[in-house]
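What follows is the residue order along each chain.
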Amino acid sequence: MAVQACRKSVLFLFSNPAVGPSAHFAWRASSPWSLQAANQLDSLRHMSKVVADTGDISAIKEFKPVDCTTNPSLVLKAMQDPDYCRFLDDAVYQEKRRGNPQGFRPHSLVADQLAVNIGTELLSIVPGRVSTEVDAHLSYDTMATVDKALHLIDLYVARGVDPKRLYIKIASTWEGIRACEVLQQEGIDCNMTLLFSFGQAVACADAGAALISPFVGRIMDWHKKKEGRDFAPEEDPGVLSVKRIYKYYKKYNYGTTVMAASFRNVGEIRQLAGCDNITIAPPLLKQLESSTDPLPYQLWPQMGGCEEEHIRMGFYERELFDKMHGEDEMAVEKLKEGIDNFSADQRKLEEMIGAALEKAEKNKQA
């Protein structure tokens, strides 16, 4: 699965309009029954695929999710635990053994190996998949994103990991979406992250993304600050955004999985019970596990309710994407903020790696 092959795919896409699905499901308006299990977390597991939004190995062992997701912020947080030093030590060793050249950010490749080491460990615990994120600094560069994704896949394969157990996380910029299109055609499944607008969701589906991660809580944060008020779960702007996307995908028979992410409270999660996937941080998993109240379905594939016209947003619809996404002030602001924050945490991670290497070298000379 060479980079050269992917570059050929880019050239192919430049001369062929993307084709999206348009078939409809047969609709059923009535909701499935509510489930009464030992607790709400168990109920949710019967409705949606529950994913752990953490790199904390102990939390994953405790809550037993199907999949788990990571990002530079979560890896940075996990590395505060001394037990994770072994992953860093191995990452440094692997990069020294490979003899990769030093560049503008000399520890970025060590950070890649570190993320893969942690991801490989997580895959020994969960039965499903792990999402590993492409460096956010590359979010506006299609080919650099493709190259980095292939590099991460190569690192995982060297660890004996089947690429089918991976999602490559990419920011949902126009350039990231085009990189997703290339990678998906090469059989590499992508998790399109930092998704805030309906336009982003439409473009990701037409690019053939395996999965999208709309950020519920961050959408709500923006509206809460703007309007100066709290939102009940049923009127939460982030919840409503995911419901709109979910209904659109089901109506037009897109195969892209909707994975709701970035929650601020369990009320948001309950309002999205039945969404394809839901990725949840450990404290909220604990709250769901502590509740024995019935949990009704809020989303199901045949529910209907989508009034959107079908929109084509393939490679040649850049202008339409810019218009739809650009008209959403919240989405423009939160996408930029998310990329900036992930980039900042990536740099902190690399600085931590540099400090650890410097300390090790001093100890060696002492």
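Residues numbered from 1 in each chain as written. Predicted model: local features only at pLDDT ≥ 70, side-chain atom pairs only at ≥ 80, totals over all residues. Heavy atoms only, no water.

Caption draft 1: Representation of the packing of helix H6 (residues 108–123) against helix H15 (residues 329–365) within the structure. One way to put it is that H6 packs onto H15 with a least axis distance of 9 Å and a crossing angle of 100°. Our classification of the angle between H6 and H15 gives roughly perpendicular. Contacts from Ser-108, Val-110, Ala-111 and Leu-114 in H6 reach Gln-346, Leu-349, Glu-350 and Ile-353 in H15. For the contact of H6 with H15, the residue count by class is five nonpolar, two polar and one charged. (Axes fitted to C-alpha atoms, helices over the stretch in contact; angles between N-to-C directions. Helix = DSSP H or I, 4+ residues; strand = E, 2+ residues; numbered from the N terminus. Parallel < 35°, antiparallel > 145°, perpendicular 65-115°, else oblique. Contact = heavy atoms within 4.5 Å. Nonpolar A, V, L, I, M, F, W, Y, C, P; charged D, E, K, R; others polar.)

Caption draft 2: Representation of the side chain of Ser-241. Residue position: Ser-241 is located in helix H11 (residues 237–251). Setting aside residues no more than four positions away along its own chain, Ser-241 makes contact with Phe-196 and Ile-219.

Caption draft 3: Broad picture of the environment of Leu-166. Counting through the fold element by element, Leu-166 comes out in strand E4 (residues 166–171). Between the alpha carbons of Leu-166 and Ser-131 there is a distance of 5.8 Å; along the sequence they are 35 residues apart. Apart from the residues within four sequence positions on either side, Leu-166 is in contact with Leu-123, Arg-129, Val-130, Ile-153, Tyr-156, Val-161 and Asp-189.

Caption draft 4: The arrangement of the sheet that holds strand E3 (residues 130–133) in detail. The strand order around the closed barrel formed by eight strands is E1-E2-E3-E4-E5-E6-E7-E8, and the pairing between neighbours is parallel. Averaged over neighbouring strand pairs, the angle between their axes works out to 30° when direction is ignored. Pairing of E3 with E4, which is carried by four bridges, proceeds in the parallel orientation. Counterpart to Ser-131 in the pairing with E4 is Tyr-167. (Pairing = 2+ DSSP bridges.)

Caption draft 5: The arrangement of the pairing of strand E7 (residues 257–260) in detail. On E7, burial covers both faces: Thr-257 and Met-259 on one face and Val-258 and Ala-260 on the other are all buried. Pairing analysis gives two bridges linking strand E6 (residues 211–214) to E7, with the strands arranged parallel. Each residue of the ladder has a partner; that of Ile-212, found in E7, is Val-258. Sheet topology note: the E7/strand E8 (residues 277–280) ladder contains two bridges and is parallel. Within E8, the position partnered with Ala-260 by the bridge is Ile-278. (Buried < 20%, exposed > 50% of the residue type's maximum accessible area, 1.4 Å probe, protein only.)

Caption draft 6: Up close: the pattern of salt bridges. Tallying each qualifying case throughout the model produces 24 salt bridges. Arg-178 serves as the salt-bridge partner of Glu-181, at 2.7 Å between the closest nitrogen and oxygen. One end of the pair, Glu-181, and the other, Arg-178, are both in helix H8 (residues 174–185), three residues apart, so they sit about a helical turn from each other. Each member of the pair, Glu-181 together with Arg-178, is buried. The shortest N-O distance in the salt bridge between Arg-229 and Glu-227 comes to 3.1 Å. Via salt bridges that share partners, Glu-62, Lys-286 and Glu-289 belong to a single interconnected network. (Salt bridge = Lys/Arg side-chain N within 4 Å of Asp/Glu carboxyl O.)

Caption draft 7: Representation of empty space enclosed by the protein within the structure. Scanning the entire structure with this criterion turns up three cavities of 30 Å³ or more. In this structure, the largest cavity spans a volume of roughly 120 Å³. Around the largest cavity, the lining comprises 13 residues; the ones closest to its centre are Pro-72, Ala-111, Ala-115, Glu-133 and Gln-346. Contributions of two or more residues to the lining of the largest cavity are made by helix H4 (72–78), H6, E3 and H15. Of the residues forming the lining of the largest cavity, the biggest block, three residues, is contributed by H6. Of the residues that constitute the lining of the largest cavity, the class distribution is six nonpolar, four polar and three charged. In this model, the second largest cavity occupies a volume close to 40 Å³. Around the second largest cavity, the lining residues are Val-51, Asp-67, Cys-68, Thr-69, Arg-129, Val-130, Ser-131, Tyr-167, Asn-191, Leu-211, Met-259 and Asn-277. The set of elements that each furnish at least two residues to the lining of the second largest cavity consists of strand E2 (67–69) and E3. (1 Å grid on protein atoms, 1.4 Å probe; cavity = no way out; pocket = protein on both sides within 12 Å on 5 of 7 lines; lining within 4 Å. Points joined across faces, edges and corners; volume = space filled by probe spheres on them.)

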